[in-house]
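# Geometric and topological summary
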Amino acid sequence: KQWYQRRVRGLNTYSGRYEHSKDYAAPESYQGQHVLIVGAHASGTDLLIDLCEHGVRADISHRKPEPKLGLPDGVVQYNEPVLFEGDLVYFKGDTKGHKFDVIIFATGYGTNLHYLDPDCL
């Protein structure tokens, strides 16, 4: 599967570390780091909770107009990212850049069915 990466200005020049949720293995590898999860559906929320339960500082970014309920205490909810510049992330409606050690994109997957006959689709 190819992971879905939203087009956000500057991501190709972002100097920080980023990965997709498919690469997440264990919260221990994020100890001592500030992690941003982009995406608040099931996988993003599960990762956030797992990280927080293991003492990792983690926040979440999503496009929902209202705050997501039931998240661990201390989690900051940001709007969607609109610009990556150097090692900073800028969010919709916020002119201040924010720094994270790791960004995990929990943004789903694209489907590629090139191997199927078009008549099957």
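Residues numbered from 1 in each chain as written. Predicted model: local features only at pLDDT ≥ 70, side-chain atom pairs only at ≥ 80, totals over all residues. Heavy atoms only, no water.

Let us look at the nonpolar core. In summary, soluble globular proteins display a tendency toward joint burial of nonpolar side chains. Counting residues in hydrophobic clusters, the biggest one holds 16 residues, and the most contacted among them are Tyr30, Val35, Ile37, Leu48, Leu51, Ile60 and Ile104. Elements with a contribution of two residues or more to this core: β3 (34-38), α1 (42-53), β4 (57-61) and β9 (102-105). Tallying contributions element by element places α1 first for this core, with three residues. When sequence neighbours within four positions are dropped, the list of residues in contact with Ile60 reads Leu36, Ile37, Gly39, Ala40, Gly44, Leu48, Leu71, Val75, Val76, Gln77 and Tyr78. Formed by 12 residues, the second largest nonpolar core is a distinct cluster that contains Leu11, Tyr14, Phe100 and Phe105. (Core = buried A, V, L, I, M, F, W, Y, C linked by side-chain atoms within 4.5 Å. Buried < 20%, exposed > 50% of the residue type's maximum accessible area, 1.4 Å probe, protein only. Helix = DSSP H or I, 4+ residues; strand = E, 2+ residues; numbered from the N terminus. Contact = heavy atoms within 4.5 Å.)

Another point: the pattern of salt bridges. A full pass over the atoms with the stated rule returns four salt bridges. Measuring nitrogen to oxygen at the nearest pair gives 3.0 Å for the salt bridge that ties Glu19 to Arg17. Looking at Glu19, the relative accessible area reads 11%, which means it is buried. (Salt bridge = Lys/Arg side-chain N within 4 Å of Asp/Glu carboxyl O.)

Another aspect to go through is the packing of aromatic side chains. Within a pair of aromatic rings, the relevant descriptors are the distance that separates the centres and the angle that separates the planes. Within this structure, the stated rule accounts for eight aromatic pairs. Measuring from centroid to centroid gives 6.3 Å for Tyr14 and Tyr18, while their planes differ by 50°, and the two rings are tilted. We classify Tyr14 as buried; its relative accessible area is 7%. Looking at Tyr18, the relative accessible area reads 31%, which means it is partly exposed. Counting every residue linked through ring pairs, the aromatic cluster contains Tyr14, Tyr18, Phe84 and Phe105. (Phe/Tyr/Trp six-rings, centres within 6.5 Å; stacked < 30°, edge-to-face > 60°.)

A few words on the environment of Pro67. Secondary-structure assignment places Pro67 in the loop between β4 and β5 (77-78). Spatially, the C-alpha atoms of Pro67 and Gln77 are 7.0 Å apart, while their sequence positions differ by 10 residues.

A rise of 1.5 Å per residue sets the reference length of α1, with its 12 residues, at 16 Å; its end C-alpha atoms lie 16 Å apart and thus fit the reference within 8%. For α1, the full list of buried residues reads Gly44, Thr45, Leu47, Leu48 and Leu51. Seen from one end, α1 has its buried residues packed into an arc of 160°, which puts them on one side. In α1, the exposed positions that point more than 90 degrees away from the buried face belong to Ala42, Asp46 and Glu53. Tucked into the core, α1 has its buried residues touching β3, β4 and β9. (Expected span 1.5 Å × (residues − 1). Arc of directions from axis to C-beta.)

Spatial strand order, β6-β7-β8: three strands in an open sheet with antiparallel pairing. For this open sheet the edge positions go to β6 (81-85) and β8 (98-99), each flanked by a neighbour on one side alone. (Pairing = 2+ DSSP bridges.)

A sheet is described by the order of its strands in space; here five strands give the open sequence β2-β9-β3-β4-β5, paired in parallel fashion. The outermost strands of the open sheet, each flanked by one partner alone, are β2 (17-20) and β5. The pairing of β3 with β9 spans four bridges and is classified as parallel. By the bridge assignment for β9, Val38 is matched with Phe105. Most of the contacts of α1 go to β4, to which it runs at about 160°, and overall it touches β3, β4 and β9. (Axes fitted to C-alpha atoms, helices over the stretch in contact; angles between N-to-C directions.)

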